[in-house]
Amino acid sequence: MQRPPPEDFLLKETKPHLGGGKVSGDKLTSTYDLVEQMQYLYVRVVKAKDLPSKDVTGSCDPYAEVKLGNYKGTTRHFEKKTNPEWNQVFAFSKDRLQASVLEVTVKDKDVVKDDFIGRVWFDLNEVPKRVPPDSPLAPQWYRLEDRKGDKAKGELMLAVWMGTQADEAFPEAWHSDAATVSGTDALANIRSKVYLSPKLWYLRVNVIEAQDLQPTDKGRYPEVFVKAILGNQALRTRISQSRSINPMWNEDLMFVAAEPFEEPLILSVEDRVAPNKDEVLGRCAIPLQYVDRRLDHKPVNTRWFNLERHIVIEGEKKKETKFASRIHMRICLEGGYHVLDESTHYSSDLRPTAKQLWKSGIGVLELGILNAQGLMPMKTKDGRGTTDAYCVAKYGQKWVRTRTIIDSFMPRWNEQYTWEVFDPCTVITIGVFDNCHLHGGDKAGGAKDARIGKVRIRLSTLETDRVYTHSYPLLVLHPNGVKKMGEIHLAVRFTCSSLLNMMHMYSQPLLPKMHYIHPLTVSQLESLRHQATQIVSMRLIRAEPPLRKEGSGIYAGCGFPHVEYEKKWRPRHPPHMDTRLSHADSAHPDELDEEFDTFPTSRPSDIIRMRYDRLRSIAGRIQTVVGDLATQGERFQSLLSWRDPRATSLFVIFCLAAAIVLYVTPFQVVALLSGIYVLRHPRFRHKLPSVPLNFFRRLPARTDCML
């Protein structure tokens, strides 16, 4: 009997004070209705004019200082400018206000001591309150005062107001809870941001043949193959069986390409002249901008490309060649596939690449990231443990990163985000990290952001228009067992815009049609998904501020879709002894040596170690198959337990209709029609999975609940 998990590891339902308590029926009415309202004092320092010169040289290097109690924020300074423009926003949490007066001071930066120019005072009791969607508060000019309160030379343009985290100035503002962080780069690393994944394509390169190759050694049969390089992806064909100057391959090479296409596809035809020596017979570079794009299985036109000994680089003069070898290829960008960059067990997007093939949206997903509690110290600073926590959430092509809460084991974010939903059988993933890039972590060899934990939520298990508020345990698997790193408090709501479209999705294949009409092999999917995750993480690292590999890498799981399809044509030959079934014709020499080894073994230890690692790999595959069998049982159990209420409702309606049909129709007729359908000619069978199979594959399993 399975032991129940500890109570500390369970989900806890909560009742937070969402949206300031403004409730209308079952739906909350404010813009930020899935988070707790947090009050902030906002100060927008726009610009100054007519500032006096304080230096001996007669110049002025001004900056503004915003001070409220013990909290102090400063703008950037300008050199030799009496009319500076800053346009910077400062946000002070109302919960931490330590004074009743706001002081904004303009100073002249100096080497020894900064000179005082003037200041402006504000009584917090007289600060106006702004609630979006009101227009932003217009800044006003204020005359600077000296230390005695008399009017000084110069004016300062400001806007001061009380607001919430729903204010559009909130994401870019300097926050008082990050007062210990200094430097432009460090401040950029703690702000909240929204990122978009690049648009990914599968690039199919069908290498057909080459003509008129010119090997150096004319007296031998060339062993020719084609090597293709796209960015950091490199693939090669097998050596051509027709060992001549006109070799043939007819082999497909698959790559992942991301828009905008920055690098060309580089192909080289090479001759294996020695065991570890290859001679380049010709190269060509193909820009992806001019490659054909196809949306279905119809083949694109083939093209001949000239091969040159040296690829022409921009700025160089092209060398004239009187005679050139050629290569015959069919190249296209596949728009009918979904580029897998996640595991299908908890994928957040299943749409094809081409936007023309997208179906209309079925609803909206709203996520409120409230707070975390009981976080563990992730690093040591000044002799004590500390954590600078932030969250990353990913659904579809949209990534969000909350702001970093400095030095807190109970951070409060209260940030709300929205995604459009195209498929209910998808999963949103939320990860919690410790920011290690605030104090020199960006340097070479700097620390990586540590993962605190993650949570996955499957949309098909959510009731529509209901707000779910739960505290999720952050569990991480360590060598000494499962460890709880804290809890994260989330509010989730899935709103359906079209119930008919959503119900129709349960009859559709999980992946686009091209995955079934022209399926990719498991090894191809594994390689392509690895390349896709690398491309996405590298593009997000180049964003400003960057979403680093630690943040974008936790969503790439393991496991691939097992695409099953029926043969359209029946076999033309009787059964016979087939070496392909046992893979005897493709066995590695070491596998054969292991097969005929004695017991106990007589081989050296290094060979035994290699074989043991291979055995572990095979055992991992067996474990995957057993896990797939368990997944099917979990799907059947979820159908009976109403885990996906919409799917179970459809199943109950189907059972009722089937019972009526079976009651009215004689059993002999049902058996006859069923037999005709099962034994129908292969010509009338389709490669796409049947509707019952699509429905069953969309049922939720427990795979997205695993660590």
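Novice: Please give an account of the overall build of the protein that cites residues and values.
Specialist: In terms of regular secondary structure, the protein is built from 11 helices and 32 strands. Taking all 707 residues of the protein together, 45% fall into the buried category. If you take every contact in the protein between residues at least 6 apart in sequence, the share linking residues at least 24 apart comes to 71%. Looking at the protein as shown, the accessible area adds up to about 39,300 Å², and 55% of this sits on carbon and sulfur atoms.

Novice: Please provide a residue-by-residue account of the nonpolar core, values included.
Specialist: Leu367, Trp419, Ile428, Ile457, Ile488 and Leu490 are the most contacted members of the largest nonpolar core, which totals 36 residues. Of all the secondary structure elements, the ones that give two or more residues to this core are strand S23 (363–373), strand S26 (389–395), strand S28 (412–421), strand S29 (427–434), strand S30 (450–458), strand S31 (467–478), strand S32 (481–496) and helix H2 (499–505). The leading source of residues in this core is S32, at 6 residues. Among residues more than four places away in sequence, those in contact with Trp419 are Gly363, Val364, Leu365, Leu367, Ala393, Tyr395, Lys398, Val400 and Ile428. Ranked by size, the runner-up nonpolar core spans 34 residues in total, among them Cys60, Trp86, Phe90 and Trp174.

Novice: I'd like to hear about the packing of aromatic side chains, residue by residue, with values.
Specialist: Applying the stated criterion across every chain, the model contains 11 aromatic pairs. When the ring of Phe122 is compared with that of Tyr142, the centres are 5.1 Å apart and the planes differ by 80 degrees; the resulting orientation is edge-to-face. Of the two residues, Phe122 sits in strand S9 (residues 115–123) while Tyr142 sits in strand S10 (residues 140–145), which places them 20 residues apart along the sequence. By relative accessible area, Phe122 is classed as buried at 12%. Judged by relative accessible area, Tyr142 falls into the partly exposed class, the value being 24%. Members of the aromatic cluster, connected to one another through ring pairs, are Tyr40, Tyr42, Trp161 and Phe170. Its end group placed over the ring of Phe225, Arg236 keeps NZ or CZ at 4.0 Å from the ring centre.

Novice: Quick rundown of the pairing of S9? Include the residues and the values.
Specialist: Bridge count for strand S8 (residues 101–108) against S9 is 8 bridges, and the pairing is antiparallel. Each residue of the ladder has a partner; that of Leu102, found in S9, is Phe122. The hairpin turn running from S8 into S9, its antiparallel successor, is 6 residues long.

Novice: If you had to explain a nonpolar patch on the surface to someone new, which residues and values would you point to?
Specialist: On the surface, Leu656, Ile660, Tyr663 and Val664 cluster together into a nonpolar patch covering about 520 Å² of accessible area. Along the chain, Tyr663 turns up in helix H9 (residues 645–664).

Novice: Could you give an account of unusual backbone geometry, with specific residues and numbers?
Specialist: Residue Pro260 follows Glu259 across a cis peptide bond; omega there is -5 degrees. The backbone phi angle of Asp50 is positive, close to 60 degrees, even though this residue is not glycine. Assignment of secondary structure puts Asp50 in the loop between strand S4 (39–49) and strand S5 (62–68). Classification of Asp50 by relative accessible area gives partly exposed; the value is 44%.

Novice: With reference to specific residues and values, describe the sheet that holds S23.
Specialist: Pairing within the open sheet is antiparallel, and its 5 strands lie in the order S1-S31-S32-S23-S28. Looking along the sheet, the strands with just one partner apiece sit at the ends: strand S1 (12–13) and S28.

Novice: An account of the pattern of salt bridges is requested, with residue identities and associated values reported.
Specialist: Evaluated as defined, the whole model comprises 36 salt bridges. Note that Asp95 and Arg412 form a salt bridge whose closest N and O atoms lie 3.2 Å from each other. Taken together, the positions of Asp95 in the loop between strand S7 (85–93) and S8 and Arg412 in strand S28 put the pair 317 residues apart, joining distant regions of the chain. Between Lys193 and Glu172 there is a salt bridge, and its shortest N-O distance comes to 3.0 Å. Residue Lys193 is located in strand S13 (residues 193–196), and its partner Glu172 is located in the loop between strand S11 (151–164) and strand S12 (174–175); the two are separated by 21 residues in the primary sequence. Through salt bridges with shared partners, a single ionic network connects Arg204, Asp252, Arg294 and Glu334.

Novice: Hey, could you go over the sheet that holds S29 for me, with residue numbers and the actual values?
Specialist: Read from one edge to the other, the open sheet built from 5 strands follows the order S13-S27-S26-S29-S30, with strand pairing classed as antiparallel. Both edges of this open sheet fall to S13 and S30, since each of them pairs with a single strand only. Each adjacent strand pair in this sheet contributes to an overall mean axis angle of 20 degrees, direction not counted. The sheet contact formed by S26 and strand S27 (residues 398–401) spans 4 bridges and is antiparallel. Paired with Tyr395 across the bridge in S27 is Lys398.

Novice: Summarise the side chain of Arg635; cite the residues concerned and give the values.
Specialist: Position of Arg635 among the secondary structure elements: in helix H8 (residues 605–640). In this structure, Arg635 is buried with no salt-bridge partner, the nearest side chain bearing the opposite charge being Glu634 at 7.4 Å. Not counting chain neighbours up to four residues away, the residues in contact with Arg635 comprise Phe696, Arg697, Leu699, Pro700 and Ala701.

Novice: Talk me through the pairing of strand S18 (residues 265–274); I want residue IDs and the actual numbers.
Specialist: Of all 10 residues making up S18, 7 are buried, and the element is well covered by its neighbours. One ladder, built from 6 bridges, connects strand S15 (residues 224–230) with S18; its direction is antiparallel. By the bridge assignment for S18, Ile229 is matched with Ile266. Summarising the sheet, S18 and strand S19 (residues 277–286) pair through 9 bridges and their orientation is antiparallel. Bridge pairing in S19 links Arg272 to Asp278. The hairpin turn running from S18 into S19, its antiparallel successor, is 2 residues long.

Conventions we followed
For every chain, the first residue of the written sequence is number 1, and numbering continues from 1 onward in sequence order. Owing to the predicted nature of the model, reporting of local features is limited to residues with pLDDT of at least 70; listing and counting of side-chain atom pairs is limited to 80 or more, with chain, interface and lining totals taken over all residues. To get the side-chain values, take all heavy atoms of the structure and skip hydrogens and water. Working definition: helices are DSSP H or I runs of at least four residues, strands are E runs of at least two. Numbering for both runs from the N terminus. A simple rule labels every residue: compare its accessible area, found with a 1.4 Å probe on the protein chains alone, to the largest value its type can have, and call it buried under 20%, exposed over 50%, or partly exposed in between. What makes two residues a contact is simply this: any of their non-hydrogen atoms within 4.5 Å. The Shrake-Rupley method, run with a 1.4 Å probe, gives the accessible areas here. Residue values count only the displayed protein chains as cover. Grouping buried Ala, Val, Leu, Ile, Met, Phe, Trp, Tyr and Cys residues that are joined through side-chain atoms within 4.5 Å yields what is termed a nonpolar core. We call Phe, Tyr and Trp rings a pair once their centres come within 6.5 Å, taking the six-membered ring for Trp, and we label the pair stacked below 30 degrees between planes, edge-to-face above 60, and tilted otherwise. Only when the NZ atom of a Lys or the CZ atom of an Arg is both within 6 Å of the ring centre and within 35 degrees of the ring normal do we say a charge sits over the ring. Note on pairing: two strands pair once DSSP finds at least 2 bridges between them. Patch criteria: residues need more than 30% relative accessible area and no salt bridge. Like-charged residues are merged within 9 Å; nonpolar side chains of Val, Leu, Ile, Met, Phe, Trp and Tyr are merged within 5 Å. Every case where a carboxyl oxygen of Asp or Glu lies within 4 Å of a side-chain nitrogen of Lys or Arg is listed as a salt bridge. To get an axis, a line is fitted to the C-alpha atoms, and for a helix only the part in contact is used. The angle between two axes follows their N-to-C directions and goes from 0 to 180 degrees. Positive charges come from Lys and Arg alone, negative charges from Asp and Glu alone, with His and the N- and C-terminal ends not counted.

What is shown is where atoms sit, not what they do.
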